[in-house]
Amino acid sequence: MSSRAAPRICVLKGGLSVEREVSLSSGHECAKALRVAGFEVIELDARGDVAQRLIEIAPDVVFNALHGRFGEDGCVQGILEWLRIPYTHSGVLASALAMDKARAKTAYVSAGLPVANSHIATKAEVMAAHVLPPPYVVKPNNEGSSVGVYLVQEGANTPPHLSDDMPAEVMVEAFAPGRELTTTVLGDRALTVTDILTDGWYDYDAKYKPGGSRHVLPADIPTDIFDACLDYALRAHNVLGCQGISRTDFRWDESKGLDGLILLETNTQPGMTPTSLVPEQAAHSGIAFVDLCRLLVEDASCDR
């Protein structure tokens with residue numbers, strides 16, 4: 001930290017990904033909390049001139065509130081390493097690994113974690129014929145927040161027609177039925193488990209629009225499933241090399257017991273909006289939002 005009366009924190013938000021609007025909300029909330037915590041805070045919309053702007057701002061720490069590509073995949077982390085500015089959340093390698101769903105699954109399997117069967121296929125292949133027997137899910141391999149997710153229902157006669165903005169290669173994953181569960185890891189501690197209830201698919205609107213989903217916290221599930229979520233989330237955090245905070249999502253088919261628990265993905269830049277899961281879990285664990293943001297700043301470093 002510098003000798004300033006109050007450490008200067010630059011909150012990176014917005015950015016260039018399809019999750020820009022969510023990031024703007026996350027960044028706004030985190031900046032407010034950090035000001036309450038006593039920091040000098042500058043908010044920066046991370047556009048193409050982000051490196052030059054950071055040099056001008058000269059922050060003591062960057063609080064990374066970006067989501068999606070360029071902010072969550074190791075790109076901005078590489079810039080921060082080059083500039084030697086301490087930053088929050090995961091480093092270059094963990095960010096890139098977690099963002100690439102196929103490579104993250106390889107890491108999960110190496111740690112003995114359960115995942116759904118999946119393949120990487122071209123967009124053309126997916127639209128030409130069923131790559132997997134329905135039901136299955138088609139999603140970008142390197143985006144998050146349920147952006148561009150297609151659910152092909154059981155009995156579907158034709159493959160999905162993917163939108164023009166879907167990437168040339170996508171992940172096709174066997175649909176994991178059941179309840180939507182999630183667990184936050186902060187440092188070396190898995191906090192708790194949330195059961196996410198929706199009227200349908202847990203898509204972008206269900207995640208981020210008020211009333212889009214209902215969160216049962218702590219999840220009313222058997223103890224062995226609850227404990228497995230905590231264990232799997234911490235193991236996923238560690239095998240990917242995450243730092244600071246992460247959130248791991250699961251599906252649980254209760255008819256199969258523990259065998260029905262499937263790890264979907266780990267988010268290294270989880271949402272920090274008013275409807276987000278991580279602040280809820282932190283509060284349930286006795287960590288106020290201001291303290292959560294302060295803890296992440298205190299954990300910031302280079303060489304993550």
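In case you missed it, the structure is sitting above this.
What counts as what
Residues numbered from 1 in each chain as written. Predicted model: local features only at pLDDT ≥ 70, side-chain atom pairs only at ≥ 80, totals over all residues. Heavy atoms only, no water. Helix = DSSP H or I, 4+ residues; strand = E, 2+ residues; numbered from the N terminus. Rg over C-alpha atoms; globule rule 2.2 N^0.38 Å. Buried < 20%, exposed > 50% of the residue type's maximum accessible area, 1.4 Å probe, protein only. Contact = heavy atoms within 4.5 Å. Areas by Shrake-Rupley, 256 points an atom, 1.4 Å probe, with all protein chains shown as cover. Lys, Arg positive; Asp, Glu negative; His and termini not counted. Charge placed at Lys NZ, Arg CZ, Asp CG, Glu CD. Salt bridge = Lys/Arg side-chain N within 4 Å of Asp/Glu carboxyl O. Pairing = 2+ DSSP bridges. Axes fitted to C-alpha atoms, helices over the stretch in contact; angles between N-to-C directions.

Enquirer: Quick question: what am I supposed to make of the overall build of the protein here?
Expert: Along the backbone of the protein there are ten helices and twelve strands. The C-alpha atoms of the protein give a radius of gyration of 19 Å, which matches the 19 Å a tight globule of 304 residues would have. Projected onto the principal axes, the alpha-carbon positions of the protein cover approximately 65 × 45 × 35 Å. When the 304 residues of the protein are sorted by exposure, 52% land in the buried category. Taking the contacts inside the protein whose residues are at least 6 apart along the sequence as the reference set, 71% of them involve residues at least 24 apart. Surface accessibility of the protein: about 12,900 Å² in total, with carbon and sulfur atoms responsible for 53%. Here the protein contributes 26 positive and 40 negative side-chain charges, whose respective centroids are spaced 4 Å apart.

Enquirer: Is there a simple way to explain the pattern of salt bridges in this structure?
Expert: Pairing of side chains with opposite charge becomes possible as their charged atoms draw close. Across all of its chains, the model carries 21 salt bridges by this definition. With a closest N to O distance of 3.7 Å, glutamate 29 and lysine 32 form a salt bridge. With a gap of three residues between them, glutamate 29 and lysine 32 both fall in helix H1 (residues 20–36), about one helical turn apart. Looking at lysine 32, the relative accessible area reads 42%, which means it is partly exposed. The partner of aspartate 100 in a salt bridge is arginine 103, with the nearest N and O atoms 2.7 Å apart.

Enquirer: Looking at this structure, I do not really get the environment of cysteine 302. What am I missing?
Expert: With respect to the element layout, cysteine 302 can be found in the segment after helix H10 (289–299). Residues cysteine 302 and tyrosine 87, spaced 215 residues apart in sequence, show a C-alpha to C-alpha distance of 6.5 Å. Beyond its immediate sequence surroundings of up to four residues, cysteine 302 is in contact with Leu80, Glu81, Arg84, Ile85, Pro86 and Tyr87.

Enquirer: So what exactly am I meant to see when it comes to the sheet that holds strand S7 (residues 169–174) here?
Expert: Note on sheets: strands pair through backbone hydrogen bonds, and any given pair is parallel or antiparallel. Spatially, S4-S7-S5-S6 is the arrangement adopted by the four strands of the open sheet, whose pairing is antiparallel. Every interior strand has two partners, whereas the edge strands, strand S4 (118–122) and strand S6 (150–152), have only one. For this sheet the average axis-to-axis angle between neighbouring strands, irrespective of direction, equals 25°. Pairing geometry for S4 and S7, over five bridges, is antiparallel. Of the residues in S7, the one forming a bridge with isoleucine 120 is methionine 171. Helix H5 (residues 101–110) contacts S4, strand S5 (136–140) and S7 of the sheet and is inclined by roughly 45° relative to S7.

Enquirer: Would you mind going over the pairing of strand S12 (residues 261–267) with me for this structure?
Expert: As a general feature of sheets, a regular strand has side chains that alternate between the two faces. Counting buried positions along S12 gives seven out of seven residues, so the element sits mostly inside the fold. Looking at chain direction, strand S11 (residues 245–252) and S12 are connected through six bridges and run antiparallel. What sits directly across from arginine 247, in S12, is asparagine 267.

Enquirer: Help me understand unusual backbone geometry in this model?
Expert: Glycine aside, the phi torsion of most residues is negative, and most peptide linkages are trans. Backbone torsion omega between proline 134 and proline 135 reads 5°, so that peptide bond is classified as cis. If you trace the backbone, proline 135 turns up in the loop between helix H6 (123–128) and S5. Between leucine 217 and proline 218 the backbone carries a cis peptide bond, its omega angle lying at -5°. You can see proline 218 is positioned in the loop between strand S10 (214–216) and helix H8 (223–240). Unlike most non-glycine residues, alanine 58 shows phi in positive territory, near 50°. Looking at where alanine 58 falls in the secondary structure, it is placed in the loop between helix H2 (50–57) and strand S3 (61–64). Its relative accessible area of 36% is what places alanine 58 among the partly exposed residues. The backbone of arginine 84 sits at a positive phi, close to 60°, despite the residue not being glycine. As for its position among the elements, arginine 84 is in the loop between helix H3 (75–83) and helix H4 (92–99).

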